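# Summary of the model geometry
Okay, here's what each chain looks like letter by letter:
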Amino acid sequence: MIIFERMIEKSLKNSLFLGKVICLYGPRQAGKTTLSKKILAQFGNDGYYLNCEDARERNYLVVGRPDILKNYISDKKIVVLDEAQSVENIGQILKVFVDTYPEVQLVATGSSSFDLANKVGEPLVGRSVEFFLYPLSVKELILAYDQQEVAKNIDTYIRFGAYPAVVTSLENKKIENLSGIANNYLYKDIFTFEQIRKPRLIEDLLKLIALQVGSEVSLNEIAQKIEVSRKTIERYLELLEKSFVIKRLYSFKRNLRDEIRGNFKIYFYDLGVRNYLINNFNPLEIRSDAGALFENFFVMERIKYHHNATNRIPPIYFWRTYQQQEIDFLEERDGALNAFECTLSDKKQRNVPKLFLKTYPESRFTVANKINFIQYVI
């Protein structure tokens, strides 16, 4: 079994025993439990793993009674609270414990940012450090295999995604593993904590937006097709984004009246899940959506790259005018713009729109293709 080296591991370790709770967010099956147990193993008998989805272990997590947990773990120095969003009032419990026993390191993992963050956010102000774990990045894949091997298999990662269990399985098992992730884990937190009454509506919405990857999304059009209100669509998109299923990218508008403002595109955190939703795992060379898939892939790799390197993402956008001049992906850093156009072909030439260059002369423009993209994500 391959244990992948995760890029946030070093930073997470450096944040231990500083009197703060470590909060590790990310999608289910992205590897949070594996990473936390790997770190825990380095402390031997001084570490303890507590599964918060086990009702028996939740009994030791009581508001206002940090002594109950302390007596249970005895003299352990570090404790992982896995799937901590399962515990009612977890934020208050963590706050009181870290205030009472600052010498004990707590690591709380959560598969649902909107739930765990809401529960720990206010109580743990100034008392926590947050980390995010995505499905495997290209750099993490290269560390496990090698750059040539990863480059050779980019089509496979675009088709089946980068969840660890999917990456390490044989091709005839990848779809089966994706089925398990999509059906058993993907919506679990949304349905459990948000009490969604119509789970089929979420699935219909996801299938619809899966067909619009890389394109601007019309809420009115989606609402009409699914026959629900625009407000309901907005709410469900928010839940899907906060539970690490999709990522919205908004349009950039700064200096021109002609720039489109307020529109957004939708990308999937994992393309294997996206392809599972539309039941299409065909090779890229025979797909009409290959270009959109590569764009989604590149955008998410840049997001992983920034988060893994600095634990934060710079402001990111796409750019388009009413005259159809456009740029796929923008990053704003130190007052300058990094502009990327995404194309599968290394032979297809793309030039920066003259209006964009004239309006933002400090910007840099790069064409990312299947041959050169690795240098921009590692």
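Preceding this paragraph is the structure being described.
So, a few notes on the structure that sits alongside this text. Sequence order sets the numbering: in each chain, residues are counted from 1 along the sequence as written. Since the coordinates come from a predicted model, pLDDT governs what is reported: local features require at least 70, and pairs of side-chain atoms require 80 or more to be given and counted, while whole-chain, interface and lining totals use all residues. For the side-chain quantities, the full set of heavy atoms in the structure was used; hydrogens and water were omitted.

Glancing now at the environment of L277. Elements are defined by DSSP. Helices are runs of H or I of four residues or more, strands are runs of E of two residues or more, and each kind is numbered from the N terminus. Its place among the elements puts L277 in helix α16 (residues 271–277). Between the alpha carbons of L277 and A182 there is a distance of 8.2 Å; along the sequence they are 95 residues apart.

This part covers the packing of aromatic side chains. Only Phe, Tyr and Trp rings are paired, with Trp represented by its six-membered ring, and only when their centres lie within 6.5 Å; those with planes under 30 degrees apart are stacked, over 60 edge-to-face, the remainder tilted. The final tally for this structure, using the stated rule, is 21 aromatic pairs. Look at F244 and Y269: their rings are 6.0 Å apart centre to centre, the planes differ by 90°, and that puts the pair in the edge-to-face class. Residue F244 is located in the loop between α15 (230–242) and β6 (246–251), and its partner Y269 is located in the loop between β7 (264–268) and α16; the two are separated by 25 residues in the primary sequence. The classification of residues rests on relative accessible area computed with a 1.4 Å probe and restricted to protein chains. Under 20% of the type maximum is buried, over 50% is exposed, and intermediate values are partly exposed. Overall, Y269 belongs to the buried group, its relative accessible area being 10%. Considering the side-chain rings of F294 and F297, the 6.5 Å spacing of their centres and the 35° angle between planes classify their relative orientation as tilted.

On to the pairing of strand β3 (residues 78–82). In terms of burial, β3 is a largely internal element, five of the five residues being buried. Residues of β3 alternate between two faces, with I78, V80 and D82 on one and V79 and L81 on the opposite face, all of them buried. Whether two strands pair comes down to DSSP finding at least two bridges between them. Of the pairings in the sheet, the one linking β3 to strand β4 (residues 105–110) comprises four bridges and is parallel in character. The residue of β4 that forms the bridge with V80 is V107. Traced from β3 through helix α5 (residues 90–100) to β4, the parallel crossover comes out right-handed. Call a crossover right-handed when, viewed with both strands pointing away from you, the route from the first strand across the helix to the second goes clockwise.

Think of each axis as a best-fit line through the C-alpha atoms, taken over the contacting stretch in the case of a helix, with angles from 0 to 180 degrees between the N-to-C directions. One can describe the packing of helix α13 (residues 199–210) onto helix α14 (residues 219–226) by two numbers: an axis separation of 11 Å at closest approach and a directional angle of 130°. On the basis of the axis angle, α13 is oblique to α14. Judged by the sense of rotation from one axis to the other, the crossing of α13 with α14 is right-handed. Residue-level inspection shows L201, D204, L205, L208 and I209 of α13 in contact with α14, the latter providing I222, K225 and I226. Grouping the constituent residues of the contact of α13 with α14 by class yields six nonpolar, no polar and two charged. If an angle is under 35 degrees, it is roughly parallel; if it is over 145, roughly antiparallel; if it lies from 65 to 115, roughly perpendicular; otherwise it is oblique. Should the near helix be turned anticlockwise from the far one by less than a right angle, the crossing is left-handed, and should it be turned clockwise, the crossing is right-handed. Contact definition: two residues touch when any of their heavy atoms are within 4.5 Å. Just so you know the grouping, Ala, Val, Leu, Ile, Met, Phe, Trp, Tyr, Cys and Pro go in nonpolar, Asp, Glu, Lys and Arg go in charged, and all remaining residues, Gly too, go in polar.

Turning next to the sheet that holds strand β5 (residues 128–132). Read across the sheet, five strands follow the order β2-β3-β4-β1-β5 without closing on themselves; strand pairing throughout is parallel. For this open sheet the edge positions go to β2 (47–51) and β5, each flanked by a neighbour on one side alone. Averaged over all pairs of adjacent strands, the angle between strand axes in this sheet comes to 20°, irrespective of strand direction. Bridge count between strand β1 (residues 21–25) and β5: five bridges; the pairing is parallel. Paired with L24 across the two strands is F131, which belongs to β5.

A few words now on the pattern of salt bridges. One speaks of a salt bridge when a side-chain nitrogen belonging to Lys or Arg is within 4 Å of a carboxyl oxygen belonging to Asp or Glu. For the structure on display, the rule yields 26 salt bridges. Residue K77 is joined to D46 by a salt bridge in which the shortest nitrogen-to-oxygen separation is 3.9 Å. Here K77 is found in the loop between α4 (66–73) and β3, whereas its partner D46 is found in the loop between α2 (32–41) and β2, with 31 residues between them in sequence. The class for K77 is partly exposed, based on a relative accessible area of 46%. Across the pair K95 and D99 runs a salt bridge, and its minimum N-O distance is 3.4 Å. Within this pair, K95 and its partner D99 are both found in helix α5, separated by four residues, close to a single helical turn. Take K95: its relative accessible area is 22%, and that puts it in the partly exposed class. Given the relative accessible area of 40%, D99 is considered partly exposed.

Within the fold, T109 resides in strand β4. Measuring from C-alpha to C-alpha, the distance between T109 and L81 comes to 6.3 Å, with 28 residues separating the pair along the chain.

Our focus in this paragraph is the layout of surface pockets. Any residue with an atom within 4 Å of a point lines the site, the site being either a cavity, points on a 1 Å grid over the protein atoms alone where a 1.4 Å probe fits but cannot get out, or a pocket, an open set with protein on both sides within 12 Å along at least 5 of 7 lines. Grid points are joined across faces, edges and corners, and a volume is the space filled by probe spheres set on the points. Counted as a void, the largest pocket has a volume near 480 Å³. Every residue lining the largest pocket is counted, 22 residues in all, and those nearest its centre are Q29, A30, G31, T34 and P164. Secondary structure elements with two or more residues in the lining of the largest pocket: α2 and α10 (164–167). Among the elements that make up the lining of the largest pocket, the one with the highest residue count is α2 (five residues). Grouping the constituent residues of the lining of the largest pocket by class yields 10 nonpolar, five polar and seven charged.

Looking now at α15. Taking 1.5 Å per residue, 13 residues should reach 18 Å; α15 reaches 18 Å between its end C-alpha atoms and fits that length. At the exit of α15 stands F244, carrying a positive phi of roughly 65°. Here a helix's expected span is defined as the number of its residues, less one, multiplied by 1.5 Å.

Taken as a whole and judged by the stated rule, the model has three cavities of 30 Å³ or more. Taken as a whole, the largest cavity spans an internal volume of roughly 90 Å³. Lining of the largest cavity is provided by 13 residues; of these, Y269, L271, F297, E301 and K304 occupy positions nearest its centre. Element by element, the count of residues in the lining of the largest cavity is highest for helix α17 (residues 290–310), at five residues. Partitioned by chemical class, the residues of the lining of the largest cavity number eight nonpolar, two polar and three charged.

When you line up the elements, A210 lands in helix α13. For A210, a relative accessible area of 0% gives the class buried. Taking the C-alpha atoms as reference points, A210 and V273, separated by 63 residues in sequence, lie 9.4 Å from one another.

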